[in-house]
Every structure is written in structure tokens, then in C-alpha cells.
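Close look at the chain arrangement
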Amino acid sequence: MRIDVHAHYWTEDYLDLLVDLGKADAGMARGLGAGGGAELEARLRLMDRAGVQMQVLSACPQLPYGGDEKKAAQAARFVNDQYAALGAGHPGRFAAFAALPLPHLDQALVELGRALDELGMAGVAMNTTVLGHALVEPGYQTVFAELNRRSAVLYLHPAGNSACTPLISDYHLTWMVGAPVEDTISIMQLITTGLPARYPNIKIINSHLGGALPMLLQRADDQYRWEAPDTPEPPSVAARRMWYDTVGHGHVPALRCAIDSFGADRLMLGTDFPYENGDIFVRAVDYISDPQIDPAAARAILDHNASALLGIGQVRETREARSDSGRTIP
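Residues numbered from 1 in each chain as written. Predicted model: local features only at pLDDT ≥ 70, side-chain atom pairs only at ≥ 80, totals over all residues. Heavy atoms only, no water.

**Brief notes about unusual backbone geometry**
The test is simple: Numbering of helices and strands starts at the N terminus; helices are DSSP runs of H or I of at least 4 residues and strands are runs of E of at least 2. Between buried and exposed lies partly exposed: a residue is buried under 20% and exposed over 50% of the maximum accessible area for its type, with that area taken using a 1.4 Å probe on protein chains only.
The linkage connecting Leu 102 with the following residue, Pro 103, adopts the cis geometry, with an omega of 10°. Tracing the sequence through the fold places Pro 103 in the loop between strand 3 (94-98) and helix 4 (105-118). Phe 273 connects to Pro 274 through a cis peptide bond whose omega is 10°. Along the chain, Pro 274 falls in the loop between strand 10 (267-268) and helix 12 (278-286). For His 172, which is not glycine, the phi torsion reads 60° and is therefore positive. Tracing the backbone shows His 172 in the loop between helix 6 (166-169) and helix 7 (174-192). Overall, His 172 belongs to the exposed group, its relative accessible area being 69%. Phi angles above zero are rare outside glycine, and Leu 209 is one such case at about 60°. Given the relative accessible area of 4%, Leu 209 is considered buried.

**Things to note about helix 11 (residues 252-262)**
Within an α-helix, residues lying three or four positions from one another point in the same direction, as the helix has 3.6 residues per turn. Spelled out, the test is: Residue contacts follow a heavy-atom distance rule, with two residues in contact if any of their heavy atoms lie within 4.5 Å.
Burial in helix 11 covers these residues: Val 252, Leu 255, Ala 258, Ile 259, Ser 261 and Phe 262. The inward-facing, buried residues of helix 11 contact helix 9 (213-227), helix 10 (235-239), strand 9 (243-245), strand 10 and helix 13 (295-303). Residue Gly 263 follows helix 11 closely and has a positive phi angle near 100°.

**Considering the layout of surface pockets**
Selection rule: Any residue with an atom within 4 Å of a point lines the site, the site being either a cavity, points on a 1 Å grid over the protein atoms alone where a 1.4 Å probe fits but cannot get out, or a pocket, an open set with protein on both sides within 12 Å along at least 5 of 7 lines. Grid points are joined across faces, edges and corners, and a volume is the space filled by probe spheres set on the points. When residue character is reported, Ala, Val, Leu, Ile, Met, Phe, Trp, Tyr, Cys and Pro are called nonpolar, Asp, Glu, Lys and Arg charged, and the others, Gly included, polar.
Approximately 680 Å³ is the volume attributed to the largest pocket. What lines the largest pocket is a set of 27 residues, and nearest its centre among them are Trp 175, Met 176, Pro 180, His 208 and His 249. Taken together, the elements giving at least two residues each to the lining of the largest pocket come down to helix 7, helix 9 and helix 11. Element by element, the count of residues in the lining of the largest pocket is highest for helix 7, at five residues. Its residues assigned to classes, the lining of the largest pocket comprises 16 nonpolar, nine polar and two charged. Approximately 240 Å³ is the volume attributed to the second largest pocket. Together, 15 residues line the second largest pocket, and Lys 23, Asp 25, Tyr 65, Leu 131 and Ala 159 are the ones closest to its centre.

**Quick look at the confidence of the model for the protein**
What counts, and what does not: In predicted models, pLDDT denotes the confidence assigned by the predictor to each residue on a 0 to 100 scale.
Of the residues in the protein, 95% have a pLDDT of 70 or more, and the chain-wide mean is 94. Confidence drops under pLDDT 50 across residues 315-330; counting only partners more than four residues distant or on other chains, this segment forms 11 contacts.

Below, the structure written as C-alpha cells:
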């Protein structure tokens, strides 16, 4: 089943809640084509054009993070209910990663349980930082422990904070450069603190081909012993405990590097809709089948890896395979 794990959806009502929460950049998500009504119908037509059967939606980077606990919890509950209703209204087309009201840990754990147990969401989405704080700070270990207990999927996405440096933000590089830098920093923080090994049941999906990590794995293996000596295993080993979406803006050399670095089994389709829209959305799917990519690897990335990890569409794929072979389907 062809599943796009990196796609965004924001309604005006949800963005209004974020504005009230004090999220300064929430207004930037308006009018991008990622809302309901006519925008949703256009999205479905585009998915059909590109051969994408399902999108797993997330509210990243517009997650309900803010200082007001009550407002953050209200916004998280609102968007999770909204996503669940959208999935129910379009069976087989949409699933979603749940939003959590961070940094409020008690409320986050309550909403995590509700989203997974009552709403049946595909996993949890978090930004790579929470209000400028790294996910590997001690306070968030309770969230990771619960995700690990549940063997849950955790999808990570840049916050859009320019990696907290004016060297990026002051030079208009927040998304061109800052976002993959955020990915890279976050993944290396997970690795150097040993989080993937400590919580081996969490299925972590990182964005944007892992940022710059595919080009840095050997460097990290060579240098971690003296720069981060408490790192419990070689970065290349830890990196392959996680997964990565294919958002690479159609750049085949970057995709090849990620395949060579992580293995095709660690990659899954992502489009970054609505930031990649129209013909660029179609390219985000088609470039995986470029002649430079091994066809078996392309098939796994496009149609099998996400389905297997998320447990979505596997019965359907088995039935279709049996039908193609001429066997009777009960």
C-alpha cells in the first residue's frame, strides 16, 4: 500500500487555537492548501494523480506547544479529534499521528493514551525540540517510556526554529537549511544519549532523509569516542534502529546516499504536502523510481516499508498478491 508518512493538515479553527496559545508562526500555515473543504478535495485528487493511497497526517510543526497548560491540552484534544473524524470520513485515505500538549507532561500522557486507545491513531508526532528544549532532556523520558511500553510509532519533524541560531534565522535560511539541520541535531542527540537502544520498542521516523546524517555517519563513527564518549554504540548502528522519510525535493543523489547509509528498508515515502504541491508533489513520489534507484529498493520504499511499520494495509496487500497469483480469496 502506498502510504505518505509526511503530510500536514491544518484547519482555520485549529490555527486559531494556536494563535490563542501564543504560537507566533501559526498564521503562516494559513492558505497553503492544507485545510478542509475545497483544499481537501484538491488534495485527494492530487493523491490519486500521484498514486498515493493514504496519507498519515501530522500537525507538525504547528503542534500545541505553549506555556498555558489548559489551552495546550484543549488544542491537542481538538486537533486529534479532528484528525480522527477526517480519517473516519475518508476510510483508507487518511490516518494520523497524534499531537501532544507539551511541555505539560501529565496532560501529554493523558492525551497520548486517549489518542492511541480511543481514537486509534497511528502513532505520535513531536517536533525535534519543545519550545527550544531538546527531546532528550530528562523530563521527556516519561513520554518515551510510555511510547516504548506501547511499542508506538514516533514521528519527528523540525520545529522551524532555525536550530536556535541567528546564523540561520537572520539570513533567511530557516527552512532551506535550518530544517534539515534541526533533523540532524535531533537524531544525533538521540544517538549520543542512547535513546534508540534504551527504548528499542519505539519506532522512530525522522524527517527529510535524516537531514545531513547520511553524509555524516562515517564522520560520527570516527569521532564519537572522543567527543561524546558516553555514546553507547556506534552512531551508524544506532541510526539503523530508526526510520526516515524520503522528503528530499526530488534530489536523487540525496536519496541514493540515504539508501546506501541506512538501507532501503529504513526509508518510507514522504511528500511534505503542502510544501511540495502540484507537480512537485508528484515528483516527490516519482523520483523514488528514478533509473538510478534499484527497482526492488524503490518498491520497498514506496509500497511496503510504511505499511509494515504502521500495520496498515497489510491484509489488503496479501489478498491482492494472492489474487494476482490466481489463488482463491476466501
